[in-house]
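Here is how the chains run, residue by residue.
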Amino acid sequence: MPRTSIAALAVVASIAGADALPGAQQAPVFPGTAWETATPESQGLTSAPFDALDEEIRKDVYGYVDHLVVVRGGRAVVNRQYARDYRTVSRGRTSAIGCGEGCTDASKMHEFNYFHPNWHPYYQGRDVHTLQSVTKSIASTAIGIALGRGDIKALDAPFLPYFRDKDVSRVDARLHRATLADLLTMRSGIEWHEQDRPLDETNTTVQLEWSRDWIQFTLNQPMDADPGTKWVYNSGGSQLLSGIIRAATGRFIDDYANEFLFRPIGIRDFSWKKTPTGHPDTEGGLYLAAPDLARIGYLYLRDGMWNGRRILPASWVKNATTRHAKAIAPNWDYGFQWWLTSRNGVDIWAGRGFGGQLLIVIPARDTVAVVNAWNVFGNKAQNILAPLLAAVLN
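What counts and how
- All residue numbers refer to positions counted from 1 along the written sequence of the respective chain.
- A pLDDT threshold of at least 70 governs which residues receive local features in this predicted model, and a stricter bar of 80 or more applies before side-chain atom pairs are shown or counted, although totals over entire chains, interfaces and linings include all residues.
- Calculation of side-chain values draws on the structure's entire complement of heavy atoms; hydrogens and water are dropped beforehand.
- Runs of E in the DSSP output that reach at least two residues are strands. Runs of H or I that reach at least four are helices, and both are numbered from the N terminus.
- The rule is simple: take the accessible area with a 1.4 Å probe, protein chains only, and divide by the maximum for that residue type; under 20% is buried, over 50% is exposed, in between is partly exposed.
- Only heavy atoms enter the contact rule, under which two residues are in contact if any of them lie within 4.5 Å.
- Among buried residues, the Ala, Val, Leu, Ile, Met, Phe, Trp, Tyr and Cys ones that are joined through side-chain atoms within 4.5 Å form a nonpolar core.
- Pairing between two strands requires that DSSP report at least two bridges joining them.
- Note on geometry: axes are lines fitted to C-alpha atoms, helical ones only across the stretch in contact, with angles between N-to-C directions running from 0 to 180 degrees.
- Orientation categories follow fixed angle ranges, with anything under 35 degrees roughly parallel, anything over 145 roughly antiparallel, 65 to 115 roughly perpendicular, and all other angles oblique.
- A crossing counts as left-handed when the near helix is turned anticlockwise from the far one by less than a right angle, and as right-handed when that turn is clockwise.
- Any residue that is not Ala, Val, Leu, Ile, Met, Phe, Trp, Tyr, Cys, Pro, Asp, Glu, Lys or Arg is counted as polar, Gly included; the first ten are nonpolar and the last four charged.
- Every residue carries a pLDDT, the predictor's confidence in it, which falls somewhere between 0 and 100.
- A helix is expected to span 1.5 Å for every residue after the first.
- Salt bridge, as used here, is a side-chain nitrogen of Lys or Arg placed within 4 Å of a carboxyl oxygen of Asp or Glu.

## Digging into the environment of isoleucine 384
Reasoning step 1: The topology assignment puts isoleucine 384 in the loop between strand E15 (367-373) and helix H11 (385-393).
Reasoning step 2: By relative accessible area, isoleucine 384 is classed as buried at 7%.
Reasoning step 3: A C-alpha to C-alpha distance of 9.0 Å links isoleucine 384 and isoleucine 57, two positions 327 residues apart in sequence.
Reasoning step 4: Once residues lying within four places of it in the same chain are set aside, the contact partners of isoleucine 384 are Leu53, Ile57, Tyr62, Val65, Leu358 and Val371.

## Some words on the nonpolar core
Reasoning step 1: Formed by 83 residues in total, the largest nonpolar core has its most connected members in Ile143, Phe159, Phe262 and Ile296.
Reasoning step 2: In terms of residue count, helix H9 (residues 290-301) provides more of this core than any other element does, eight residues in total.
Reasoning step 3: Once residues lying within four places of it in the same chain are set aside, the contact partners of isoleucine 296 are Ile138, Leu261, Phe262, Ile265, Ile267, Leu288 and Leu359.
Reasoning step 4: One finds Val77, Met186, Tyr233 and Ile384 within the second-largest nonpolar core, a separate group that totals 36 residues.

## As for the pairing of strand E1 (residues 65-72)
Reasoning step 1: Within E1, eight of the eight residues are buried, which leaves the element mostly enclosed by the surrounding structure.
Reasoning step 2: With seven bridges connecting them, E1 and E15 associate as antiparallel partners. Paired with valine 65 across the strands is alanine 373, a residue of E15.
Reasoning step 3: Looking at chain direction, E1 and strand E2 (residues 75-81) are connected through six bridges and run antiparallel. Bridging across to E2, valine 69 finds its partner in asparagine 79.
Reasoning step 4: Counted along the chain from E1 to the antiparallel partner E2, the turn is two residues long, and its residue glycine 73 has a positive phi close to 60°.

## What about the sheet that holds strand E7 (residues 286-288)?
Reasoning step 1: As summarised here, the arrangement of the three strands in space is E5-E7-E6, forming an open sheet in which the pairing is antiparallel. Because the sheet does not close on itself, it has two edges, and the strands there are strand E5 (129-130) and strand E6 (271-272).
Reasoning step 2: Relative to E7, E5 is paired through two bridges, and the arrangement is antiparallel. Within the sheet, the bridge partner assigned to threonine 130 lies in E7 and is tyrosine 287.

## Some remarks on the sheet that holds strand E11 (residues 332-334)
Reasoning step 1: The strand order across the open sheet formed by eight strands is E2-E1-E15-E14-E13-E12-E11-E10, and the pairing between neighbours is antiparallel. The sheet is open, and its two borders are formed by E2 and strand E10 (325-329), each paired with just one other strand. When strand polarity is set aside, the average angle formed by the axes of neighbouring strands in this sheet is 25°.
Reasoning step 2: Judged from the five bridges that link them, strand E13 (residues 346-353) and strand E14 (residues 357-362) form a sheet pairing that is antiparallel. The partner of arginine 352 across the bridge, within E14, is leucine 358.
Reasoning step 3: Sheet strands in contact with H9 are E1, E2, E13, E14 and E15, and its direction is about 150° off that of E15.

## A few points about the environment of leucine 45
Reasoning step 1: Checked against the element boundaries, leucine 45 lands in the segment before helix H1 (47-58).
Reasoning step 2: Sequence spacing of leucine 45 and arginine 164 is 119 residues, and the spatial spacing of their C-alpha atoms is 53 Å.
Reasoning step 3: The contacts of leucine 45, once residues within four sequence positions are left out, are Pro40, Phe50, Arg72, Val77, Ala391, Val392 and Asn394.

## Quick look at the packing of H1 against H11
Reasoning step 1: At a minimum axis separation of 8 Å, H1 and H11 run at an interaxial angle of 160°. In terms of orientation, H1 and H11 fall into the roughly antiparallel class. With respect to the hand of their crossing, H1 and H11 are arranged in left-handed fashion. Across the interface between the two elements, Pro49, Phe50 and Leu53 from H1 touch Pro387, Leu388, Ala391 and Val392 from H11.
Reasoning step 2: A breakdown of the residues in the contact of H1 with H11 according to their chemical character gives seven nonpolar, no polar and no charged.

## Some words on the confidence of the model for the chain
Reasoning step 1: For the chain, the average pLDDT comes to 93, and 93% of its residues sit at 70 or higher.
Reasoning step 2: The low-confidence segment residues 1-25, where pLDDT is below 50, has 115 contacts with residues more than four positions distant or belonging to other chains.

## Some points on H9
Reasoning step 1: If you check H9, its first and last C-alpha atoms are 16 Å apart, about what twelve residues at 1.5 Å a residue would give, namely 16 Å.
Reasoning step 2: Counted residue by residue, H9 has twelve buried out of twelve residues, so it is predominantly covered.
Reasoning step 3: All of the buried residues along H9 are Ala290, Pro291, Asp292, Leu293, Ala294, Arg295, Ile296, Gly297, Tyr298, Leu299, Tyr300 and Leu301.
Reasoning step 4: In the stretch just after H9, aspartate 303 is the one whose phi turns positive, near 60°.

## Focus: the pattern of salt bridges
Side-chain pairing between opposite charges can occur once the charged atoms of the two side chains come close.
Reasoning step 1: In this structure the tally under the stated criterion is 22 salt bridges.
Reasoning step 2: Its salt-bridge partner being aspartate 51, residue arginine 80 comes within 3.3 Å of it at the nearest N-O pair. Residue arginine 80 is found in strand E2, and its partner aspartate 51 is found in helix H1; the two are separated by 29 residues along the sequence.
Reasoning step 3: For arginine 251, the salt bridge goes to aspartate 255, with nearest N and O atoms at 2.7 Å.
Reasoning step 4: The exposure class of arginine 251 is partly exposed, given its relative accessible area of 23%.
Reasoning step 5: Residues joined by salt bridges that share partners form a network here, namely Asp51, Asp54, Arg58 and Arg80.

## Some words on the packing of helix H3 (residues 134-149) against helix H7 (residues 235-249)
Reasoning step 1: It is at 10 Å that the axes of H3 and H7 come closest, and there the two elements cross at 35°. Crossing geometry of H3 relative to H7 is assigned as left-handed. Of the residues in H7, those touching H3 at Lys136, Ala139, Ser140, Ala142, Ile143 and Ala146 are Ser235, Ser238, Leu241, Ile244 and Ile245.

Take a look at the structure:
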């Protein structure tokens with residue numbers, strides 16, 4: 001059955017003292033079952049830009065925005081959800097990535113159908129929202145946890161030994177030199193055509209999702225560069241992280257992340273799509289509610305610590321948010337499956353995903369922001385990133 005998926009992007013950087021901010025706390029505040037709420041003013045912000053943003057969202061200036069969360073100083077200063085009738089929006093819609101309400105094409109009735117409201121943007125009527133390529137940043141986080149726990153020994157070691165159950169007899173000799181760090185920074189050297197092709201049969205990621213074994217498909221691709229020398233956006237490389245966690249820990253990444261990442265930071269509800277071979281889709285298959293995605297950002301904001309407990313190894317956040325690949329897009333660099341940028345000298349880390357998913361971490365402002373949206377139907381919409389950053393940085 002043909003399956004089509006889109007990947008989108010991700011961001012990270014470093015930690016600043018909370019006492020540098022008006023209204024911030026000396027001791028970090030962590031959420032319980034929900035985020036403590038506060039006014040923007042109590043946390044050194046101004047309400048007016050967020051009210052203006054809210055009004056524009058309600059007018060669909062930014063398309064179909066589903067949820068906006070802003071956490072400052074450990075408190076939610078914005079948490080606004082927007083009701084959308086995706087059954088009406090999607091009715092009669094069809095394209096290479098799916099068909100909407102009323103679809104009669106049985107070959108497209110599966111969880112990789114991006115138009116049908118049974119699966120996107122919310123998963124089967126639940127509050128969990130598709131994250132698309134923000135999933136990559138969280139898969140990278142699971143790699144960090146495995147490194148800290150000793151399940152993975154090193155990032156600078158070749159990654160092919162993790163795939164002893166796959167046929168690597170015909171891979172390019174250069175791929176044997178590619179390391180796990182090369183995968184994390186999208187510099188494996190594997191030839192991949194995702195951002196430079198339309199969403200059709202010429203797109204390598206479309207071909208990936210039409211295949212039965214996503215990992216073997218990725219390993220079978222030719223090389224067009226030596227490892228570590230060329231940055232190419234490669235969702236197949238991100239999918240290999242799923243196989244690496246499985247080989248290193250004996251557990252699938254959804255189970256591993258649930259025990260060592262989600263539950264320790266208070267995430268109780270999630271869904272994670274599976275590939276035909278049973279591996280969770282680490283290129284874009286995770287669903288979380290927006291306030292829970294903010295917990296992932298807050299974990300990075302707190303250097304991998306959560307309420308006195310270390311979740312990520314001490315060096316992980318710094319390494320993951322280092323600009324390993326520079327100038328890979330205008331004003332963007334890349335870390336370990338995180339996109340990195342700055343505004344007026346302020347570092348910004350971001351996870352970004354198809355349809356308008358954003359996870360923003362701004363250490364110097366003690367701030368995390370999340371946007372869930374679903375702009376996949378061809379409707380005209382402005383990008384919310386710039387006005388959101390302007391409101392947070394004001």
